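# Descriptive analysis of the structure
Read off the chains here:
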Amino acid sequence: MHTGAPQVLQFILLAVRNLAAHRRRTLMLGGAMAGVTALLLFLLGLSNGVQSTVLQSATTLMSGHVNVAGFYKVTRGQASAVVTHAPKLLELIQREVPERVSVSQRGRGLARVISDTHGMQIALNGLDIAAEPVFRQVLRLAEGNLEDLAHPGSILLFESQAKKLAVKTGDMLTLSGLTVRGSTNTQDVRVVAIARDIGLLSSINVFVPNATLRALYQLHGDATGALLIYLPDLDDAPAVQQRLRQALASAHYELLEEEQQPYWQKLELVSQEDWTGQRLDVTTWKTEVAFVNWTSSLLHLLSFVLMFVLIVTIAVGLMNTLWISIRERTQEVGTLRAIGMQRSQVVWMFALEALVLSVLSAGAGAVLGSILCAILNALQLPVPQAVQLFLMGDRLYLRVDAGAALLAITLISACTTAIALIPSFLAARLKPVTAMHHAG
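Conventions and cut-offs
- Residues numbered from 1 in each chain as written.
- Predicted model: local features only at pLDDT ≥ 70, side-chain atom pairs only at ≥ 80, totals over all residues.
- Heavy atoms only, no water.
- Helix = DSSP H or I, 4+ residues; strand = E, 2+ residues; numbered from the N terminus.
- Buried < 20%, exposed > 50% of the residue type's maximum accessible area, 1.4 Å probe, protein only.
- Contact = heavy atoms within 4.5 Å.
- Salt bridge = Lys/Arg side-chain N within 4 Å of Asp/Glu carboxyl O.
- Patch = residues over 30% accessible without salt bridge, like charges linked within 9 Å, V, L, I, M, F, W, Y side chains within 5 Å.
- Areas by Shrake-Rupley, 256 points an atom, 1.4 Å probe, with all protein chains shown as cover.
- Expected span 1.5 Å × (residues − 1).
- Core = buried A, V, L, I, M, F, W, Y, C linked by side-chain atoms within 4.5 Å.
- Axes fitted to C-alpha atoms, helices over the stretch in contact; angles between N-to-C directions.
- Parallel < 35°, antiparallel > 145°, perpendicular 65-115°, else oblique.
- Left-handed = near helix turned anticlockwise from the far one by under 90°.
- Nonpolar A, V, L, I, M, F, W, Y, C, P; charged D, E, K, R; others polar.
- Pairing = 2+ DSSP bridges.

## Comments concerning the environment of Val113
With respect to the secondary-structure elements, Val113 resides in strand 3 (residues 102–114). Classification of Val113 by relative accessible area gives buried; the value is 1%. Sequence-distant contacts of Val113, that is, excluding residues within four places in its chain, are made with His118, Gly119, Met120, Ile122, Leu165, Leu173, Thr174 and Leu175.

Here it is as structure tokens:
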């Protein structure tokens, strides 16, 4: 049976009146749905926040959105993570990727850092701190001054590394690494800053000025480890990667085959290959930080499981409550059917009641959940060390946007309305005479 817009409006008004007439039941159901929506929004905010934190930390400390890196081999058995003639390569990138936000030059290498009492193997990263505004936003300093990292012979450690090496700001360390020709070289550096730990990334990485890294590995001034390209939209990375591979091939650069491995895993493989000279490697952030992607995927999976449990729980409770509600209103249904209301209209009446209640309740729950997430973000709650290992940050961050709020409202409203159809159809099948004589 077709139901026109005026009739639908009448049913909505009837639904509002029925909800107002049964305030206690309405408040109980509405409160439950609002609470579930708030919890659902919290889970979405937590999942999105963790993903945002992981991506920001990983794409700031270890990778750009797209990376043009390379390996250089003086002999067949010795490879280094080096890109020669970087200024020429930078010109090509600027020409081929006009939509870029920025391009950072990062030195790369493996070295041993040695204090007076301890030593440890680390991934050495060179950077120009003055050209790294995002880098400053991600790191939280425990000691020292990040600006001092502009001075040659300086180094930034993380708290766990400083503790293991038993050093503080102002202390001297020695870096030891293999040059591109395979000889061992050392470089003395001073600790100028100690940053707070941010999980896995802070356990293996330290940062020095590019000039210091070049001095350790005896590189020319135009050499670097990788050119990190940052884009306005992270999703554009694969397309930009392919565009750059074609442009580099056309410019007669030799390229490595695409492999889903970070550069430090490729280094050992490249050392075993039978070639010398320079070869470039164009990767996206997904390749370089693949070992942390599972954190985000696992949390998403856990969030969906919890969401499913929440929805099933509210569905069972709602089904029971609606069934009781309809049994209490059996005589009302009989009277409406006796005065001419069709079965489809009975279904409409109960379904619209559930829809109106769920939309209002879910909307209130979304507002409550958003306020809760905003309060938690303002408090900047620290997370335990074990959680930092996977979170890639030392503070809890929840990201709630309009899309997440709309998803929570739509999901709860759609599930609630769909569930309400079952007892609504049962009510519509009642015979008017039987329903009117129902004792309740």
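## Some details on the pattern of salt bridges
In total, this model carries 11 salt bridges according to the counting rule given. We note a salt bridge from Arg76 to Asp274, for which the minimum N-O separation is 2.3 Å. With Arg76 in the loop between strand 1 (66–75) and strand 2 (78–80) and Asp274 in the loop between helix 9 (263–271) and strand 11 (277–284), the pair connects residues that are 198 residues apart, well separated along the chain. No difference in accessibility class separates Arg76 from Asp274, as the two residues are exposed.

## Observations concerning a nonpolar patch on the surface
A cluster of nonpolar side chains, namely Leu298, Leu301, Val305, Phe308, Val309, Val312 and Val316, defines an oily patch on the protein surface of about 640 Å² accessible area. Residue placement: Leu301 occurs in helix 11 (residues 290–328). Classification of Leu301 as exposed rests on a relative accessible area of 53%.

## Focus on helix 8 (residues 237–250)
Here helix 8 spans 20 Å end to end across 14 residues, near enough to the 20 Å set by a 1.5 Å rise per residue. Restricting attention to buried positions, one finds in helix 8 the residues Ala237, Val240, Gln241, Leu244, Arg245, Ala247 and Leu248. In this structure, the buried residues of helix 8 make contact with strand 1, helix 3 (86–96), strand 10 (226–230), strand 11 and helix 10 (285–288). Directly after helix 8, the chain includes His252, whose backbone phi takes a positive value near 70°.

## Examining the environment of Leu156
You can see Leu156 is positioned in strand 6 (residues 154–158). With 35 residues separating them in the primary sequence, Leu156 and Val191 have C-alpha atoms 6.1 Å apart. Residue contacts for Leu156: discarding those within four places in its chain leaves Leu139, Leu141, Leu146, Leu149, Ala193, Ala195, Val206 and Phe207.

## Here's the deal with the nonpolar core
Leu61, Leu156 and Leu244 are the most contacted members of the largest nonpolar core, which has 38 residues in total. Among the nonpolar cores identified, the runner-up in size contains 24 residues, and Leu157, Leu165, Val180 and Val189 belong to it.

## What about the packing of helix 2 (residues 23–61) against helix 13 (residues 343–379)?
At a minimum axis separation of 7 Å, helix 2 and helix 13 run at an interaxial angle of 40°. Classed by the angle they form, the pair helix 2 and helix 13 counts as oblique. Pair helix 2 / helix 13 crosses with right-handed handedness. In this structure, helix 2 contributes Thr26, Leu29, Gly30, Met33, Ala34, Thr37, Ala38, Leu41 and Phe42 to the contact, and helix 13 contributes Leu357, Ser358, Ser361, Ala362, Gly365, Ala366, Leu368, Gly369, Ser370, Leu372, Cys373 and Leu376. Looking at the contact of helix 2 with helix 13 residue by residue, the class counts come to 13 nonpolar, eight polar and no charged.

## Section: the environment of Leu255
Relative to the helices and strands, Leu255 resides in the loop between helix 8 and helix 9. Spatially, the C-alpha atoms of Leu255 and Phe71 are 9.8 Å apart, while their sequence positions differ by 184 residues. If sequence neighbours within four positions are ignored, Leu255 has contacts with Arg245, Leu248, Ala249 and Leu280.

## A word on unusual backbone geometry
Backbone geometry at His85 places phi at a positive 55°, although glycine is not the residue there. You can see His85 is positioned in the loop between strand 2 and helix 3. Phi at Gln380 takes a positive value of approximately 45°, unusual for a residue other than glycine. Within the secondary structure, Gln380 sits in the loop between helix 13 and helix 14 (385–391).

## Digging into the pairing of strand 1
Counting buried residues along strand 1, seven of its 10 residues qualify, which places the element largely inside the surrounding structure. Of the pairings in the sheet, the one linking strand 1 to strand 11 comprises eight bridges and is antiparallel in character. In the sheet register, Val68 faces strand 11, and the bridge partner there is Val282. As paired elements, strand 1 and strand 10 share four bridges and run antiparallel to each other. Following the sheet pairing, Asn67 is matched in strand 10 by Leu228. Here strand 1 pairs with strand 2 via three bridges, running antiparallel. Bridge pairing in strand 2 links Tyr72 to Ser80. Between strand 1 and strand 2, which pair antiparallel and follow one another directly, the connecting turn spans two residues.

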